[in-house]
Amino acid sequence: MTRSNSVLVITLSAVAAVLLTYAVQDGVLVQRAEFQPAAPENDPAITAHRVLPQADPVDRKDVMTFRGASVDGYLRTDHRGQLVVDIQLRHWMDFYLSAQGEVPLDDLLQTMRSQIAALPEPGQSQALKIMDEYLGYLAALGDYDRDAEKRISQSGMDELAARVAWQQRLRREWLEPEVVEAFFHADEIMDNYTLARQQLRAQGADETQLAALESSLPPELQQLRQQSQQVLTLQQQEQQLRQQGASAEAVQQWREQQYGKEAAERLASVDKQQQQWQQRLTDYQQYRDSLALQGLDNQDREMLLRTYRSRHFSDAEQKRLNAALTLLAGE
């Protein structure tokens, strides 16, 4: 299963606003549209006990590398000590699990369990049970993908529909109905909508038919699609400006008109981070090439490269370095 901190999940009954946030991953701008819950922050019935990250086996800086944000989601109980099962609980689990590859899974699970241990009963036992079931579901879904070799990006319509159906079935086999509802209600609506839309397009449906299908979505998800389309349109407009030779100042002025000054400044900061990352990659690439020209043996060359990497890249960055260099070469 592909896990990313940019995955969008919402609860249909508690949507207040959509926020656009930005992060840099391997020098690539990632933009997220996030629905914010309307009530949990101020509802005393479900904020009686919220666990805040303390000293854990995992350094939160490691988990948050390239995320540029605080921990997603909440781990909490209500005034009776019952675990609050909502989309924020899934956010909390996904945040830590998405760090696999940067941090060993055992360390992540130890951190999650240490935070769960701070909950009162019965919420503590409920959280451990749901976490174990969720891990089982993710493992089963991963087994399906590996065994069937059916990845969404490479599948035909029939295979895609089969995977979505199997995914929804696995959720109900591993998780209690109320957990499936809280974690995946919006996801499943959008998955089914996407399949239906693709099937209509394959059948030659016109825009009126596609619009009718979209109108069947709940209002919150219609808003999400509209927001996503607006974001794509603005990105295309900015790209056109750059292709036409607009200066950095002109682009920034356009951003302020479209997003507001504060958001435009955040984008400028992301641009700077992106440029710095690209420059560091280029510097490393040039250093590596210069060593190759010196005729050093493999052991000496690798020792020098390892020293360079340790001085100029964090541990998490080093794990992404080969992939980032491949992308840079492709550009």
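Residues numbered from 1 in each chain as written. Predicted model: local features only at pLDDT ≥ 70, side-chain atom pairs only at ≥ 80, totals over all residues. Heavy atoms only, no water.

K.L.:
A description of the overall build of the protein should follow, citing residues and the corresponding values.
P.N.:
What the protein contains, in helices and strands, is 12 helices and 4 strands. Taking contacts inside the protein between residues at least 6 apart in sequence as the whole, the part at least 24 apart equals 63%. (Helix = DSSP H or I, 4+ residues; strand = E, 2+ residues; numbered from the N terminus. Contact = heavy atoms within 4.5 Å.)

K.L.:
Describe the packing of aromatic side chains, and please don't skip the residues or the numbers.
P.N.:
Following the criterion strictly, the structure yields 12 aromatic pairs and no others. With a centroid separation of 5.6 Å and an interplanar angle of 45°, the aromatic rings of Tyr284 and Tyr308 are classed as tilted. Linking Tyr284 in helix α10 (residues 261-293) with Tyr308 in helix α11 (residues 298-312), this pair joins segments that are 24 residues apart in sequence. Tyr308 carries the same exposure label as Tyr284, and that label is buried. When the ring of Tyr287 is compared with that of Tyr308, the centres are 4.6 Å apart and the planes differ by 20°; the resulting orientation is stacked. Placement of the pair is Tyr287 in helix α10 and Tyr308 in helix α11, with a sequence separation of 21 residues. Connected via pairs of aromatic rings, a cluster forms that spans Trp277, Tyr284, Tyr287, Tyr308 and Phe313. Positioned above the aromatic ring of Phe184 is the side chain of Arg171, whose terminal nitrogen or guanidinium carbon lies 4.0 Å from the ring centre. (Phe/Tyr/Trp six-rings, centres within 6.5 Å; stacked < 30°, edge-to-face > 60°. Buried < 20%, exposed > 50% of the residue type's maximum accessible area, 1.4 Å probe, protein only. Lys NZ or Arg CZ within 6 Å of the ring centre and 35° of its normal.)

K.L.:
How would you explain α10 if you had to name every residue and give the values?
P.N.:
Between the first and last C-alpha of α10 there are 48 Å, a value that for 33 residues agrees with the 48 Å anticipated at 1.5 Å per step. Within α10, burial applies to Ala263, Ala264, Leu267, Val270, Asp271, Trp277, Leu281, Tyr284, Gln285 and Leu291. Note on α10: the residue one or two positions beyond its end, Gly295, has a positive phi of about 70°. (Expected span 1.5 Å × (residues − 1).)

K.L.:
Residue-level account of the nonpolar core, with values.
P.N.:
The biggest cluster of nonpolar side chains holds 30 residues, and the ones touching the most others in it are Leu75, Leu89, Trp92, Met93, Met112, Tyr134 and Phe183. Secondary structure elements with two or more residues in this core: α2 (87-97), α3 (105-116), α4 (123-148) and α6 (177-202). Element by element, the count of residues in this core is highest for α4, at 8 residues. Excluding anything up to four places from it in sequence, Met93 contacts Met112, Ile130, Met131, Tyr134 and Phe183. (Core = buried A, V, L, I, M, F, W, Y, C linked by side-chain atoms within 4.5 Å.)

K.L.:
Describe the pattern of salt bridges, and please don't skip the residues or the numbers.
P.N.:
Taken as a whole and assessed by the stated rule, the structure comprises 19 salt bridges. Between Arg172 and Glu188 there is a salt bridge, with its nearest N and O atoms 2.8 Å apart. A residue pair is termed long-range when its members are at least 10 positions apart, and Arg172 in helix α5 (residues 157-174) and Glu188 in helix α6 qualify at 16 residues. Take Arg172: its relative accessible area is 46%, and that puts it in the partly exposed class. Residue classification places Glu188 among the buried residues on the basis of a relative accessible area of 9%. Each of Glu238, Arg242, Arg255 and Asp271 takes part in one network of salt bridges that share partners. (Salt bridge = Lys/Arg side-chain N within 4 Å of Asp/Glu carboxyl O.)

Honestly, that's just the spatial picture; any functional story needs more than this.
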